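Read off the chains here:
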Amino acid sequence: MRWRGWARGAALLATSGTSWAALPEPAEEGMPEQTLSIDAASTTVNFEIVALWFLKRRGEFTEIEGTLKILDDGKRAQIDVRIAVASVQMKDPEHVELLLSPAFFDAVGHPLIEFNSKPFKLSAKTAVALPGYLTVRGVRRKVRFEIDASHCEPEKRCSVIVNGVLSRSKFGMTEYRRTLSDEVHLSIDASVLIGNGG
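Quick notes on the rules
Residue numbers run consecutively from 1 along every chain, following the written order of its sequence. Since the coordinates come from a predicted model, pLDDT governs what is reported: local features require at least 70, and pairs of side-chain atoms require 80 or more to be given and counted, while whole-chain, interface and lining totals use all residues. In computing side-chain properties, one takes all heavy atoms of the structure into account and sets aside hydrogens as well as water. Helix numbers and strand numbers start at the N terminus; a helix is a DSSP run of H or I with at least 4 residues, a strand a run of E with at least 2. Only protein chains enter the area calculation, which uses a 1.4 Å probe; residues under 20% of their type maximum are buried, those over 50% are exposed, and those in between are partly exposed. The contact definition used throughout considers only heavy atoms, calling two residues in contact when any of these lie within 4.5 Å. Salt bridges, as used here, are contacts in which a Lys or Arg side-chain nitrogen is within 4 Å of a carboxyl oxygen on Asp or Glu. The method works on a 1 Å grid over the protein atoms by themselves. A cavity is a set of points holding a 1.4 Å probe that cannot get out, a pocket is an open set with protein on both sides within 12 Å along at least five of seven lines, and residues with an atom within 4 Å of a point line them. Grid points are joined across faces, edges and corners, and a volume is the space filled by probe spheres set on the points. Polar here means any residue other than Ala, Val, Leu, Ile, Met, Phe, Trp, Tyr, Cys and Pro, which are nonpolar, and Asp, Glu, Lys and Arg, which are charged; Gly is therefore polar. The rule is short: rings of Phe, Tyr and Trp, with Trp giving its six-membered ring, pair when the centres are within 6.5 Å, and they are stacked under 30 degrees, edge-to-face over 60, tilted in between.

*Asks:* Any chance you could break down the overall build of the chain for me, citing the residues and the numbers?
*Replies:* Along the backbone of the chain there are 2 helices and 12 strands. Traced from its N-terminal end to its C-terminal end, the chain shows the element sequence α-β-β-β-β-β-β-α-β-β-β-β-β-β. Counting all 198 residues of the chain, 35% fall into the buried class. By sequence separation, contacts in the chain at least 24 residues apart represent 57% of the contacts at least 6 residues apart.

Structure, rendered in structure tokens:
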């Protein structure tokens with residue numbers, strides 16, 4: 001048991017003439033992990049793609065769920081997000097129909113877009129790299145986004161902003177390459193529910 005180990009250490013130090021001040025401090029035990037739910041009502045997911053080399057087409061997904069897990073050291077976290085493809089909205093209904101079709105997101109065959117991050121630092125005051133895995137159309141690939149968690153205070157309020165660029169062709173969306181850019185800019189502004197974790 002731990003206290004017996006400390007007692008033996010104390011006895012050895014006493015016989016060697018070493019002072020008690022030289023004893024190492026007991027290591028602090030880690031904090032329990034805390035899982036916070038993303039507040040869908042105050043979270044936005046926006047995207048942008050360039051058409052015909054200079055026209056910016058913007059849209060958003062309105063249905064999102066996920067969690068922000070505060071790891072046991074209290075200084076790092078992981079974010080997991082699931083986005084309903086069918087919730088996509090754009091100004092032009094024809095663009096929405098195209099995005100839902102098998103040529104793009106294929107909402108029927110693959111109803112969810114998922115992002116699972118690796119641990120990132122909560123203590124960062126500026127945006128930091130956010131590696132993780134993105135799954136689109138059933139294709140899971142490593143990605144490297146950026147996250148700003150400078151406004152995250154887990155015991156008070158927490159919001160994080162994730163920005164990134166994905167190559168749609170790497171996820172099987174290869175149609176209309178002459179008229180639509182391969183790069184899709186994605187932005188997630190997520191708020192979490194304090195005290196309502198799972």
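*Asks:* Tell me about the pattern of salt bridges, and please be specific about residues and values.
*Replies:* Oppositely charged side chains are able to pair whenever their charged atoms sit close together. Applying the stated criterion across every chain yields a total of 2 salt bridges. Note that Glu65 and Arg82 form a salt bridge whose closest N and O atoms lie 3.1 Å from each other. Of this pair, Glu65 sits in strand 4 (residues 64–70) while Arg82 sits in strand 5 (residues 76–84); the two residues are 17 residues apart in sequence, bridging distant segments of the chain. Using a relative accessible area of 45% as the deciding quantity, one classes Glu65 as partly exposed.

*Asks:* Pulling in residues and values, what's your account of the side chain of Ser159?
*Replies:* Among the structural elements, Ser159 can be located in strand 11 (residues 159–167). Judged by its relative accessible area of 14%, Ser159 falls in the buried class. Setting aside residues up to four positions removed in sequence, Ser159 forms contacts with Asp148, Ala149, His151, Cys152, Ala190 and Ser191.

*Asks:* So, unusual backbone geometry: which residues are in play, and what are the values?
*Replies:* In the Ramachandran plot, Asp106 falls in the positive-phi region, its phi being about 55° despite a non-glycine side chain. In this fold, Asp106 is placed in the loop between helix 2 (93–100) and strand 7 (112–117). For Asp106, a relative accessible area of 17% puts it in the buried group. For Arg137, which is not a glycine, the phi torsion comes out positive at approximately 60°. In this fold, Arg137 is placed in the loop between strand 9 (128–136) and strand 10 (139–148). Judged by relative accessible area, Arg137 falls into the buried class, the value being 19%.

*Asks:* So, the layout of surface pockets: which residues are in play, and what are the values?
*Replies:* Roughly 280 Å³ of volume is contained in the largest pocket. The wall of the largest pocket is formed by 17 residues, among which Ile49, Leu98, Leu99, Phe104 and Leu180 lie closest to the centre. Breaking the lining of the largest pocket down by element, the ones donating at least two residues are strand 2 (44–51), helix 2 and strand 12 (180–193). Residue classes in the lining of the largest pocket are distributed as 13 nonpolar, 2 polar and 2 charged.

*Asks:* I'd like to hear about the packing of aromatic side chains, residue by residue, with values.
*Replies:* Summed over the entire model, instances satisfying the criterion amount to 4 aromatic pairs. Between the aromatic rings of Phe47 and Phe61, the centroid separation amounts to 5.4 Å while the plane-to-plane angle is 45°, which identifies the pairing as tilted. Here Phe61 lies in strand 3 (residues 55–61) and Phe47 lies in strand 2, a separation of 14 residues in the sequence. Phe61 matches Phe47 in its accessibility class, with the two residues each being buried. Both rings, one in Phe104 and one in Tyr176, keep their centres 6.0 Å apart while their planes meet at 20°; by these two values the pair is stacked.

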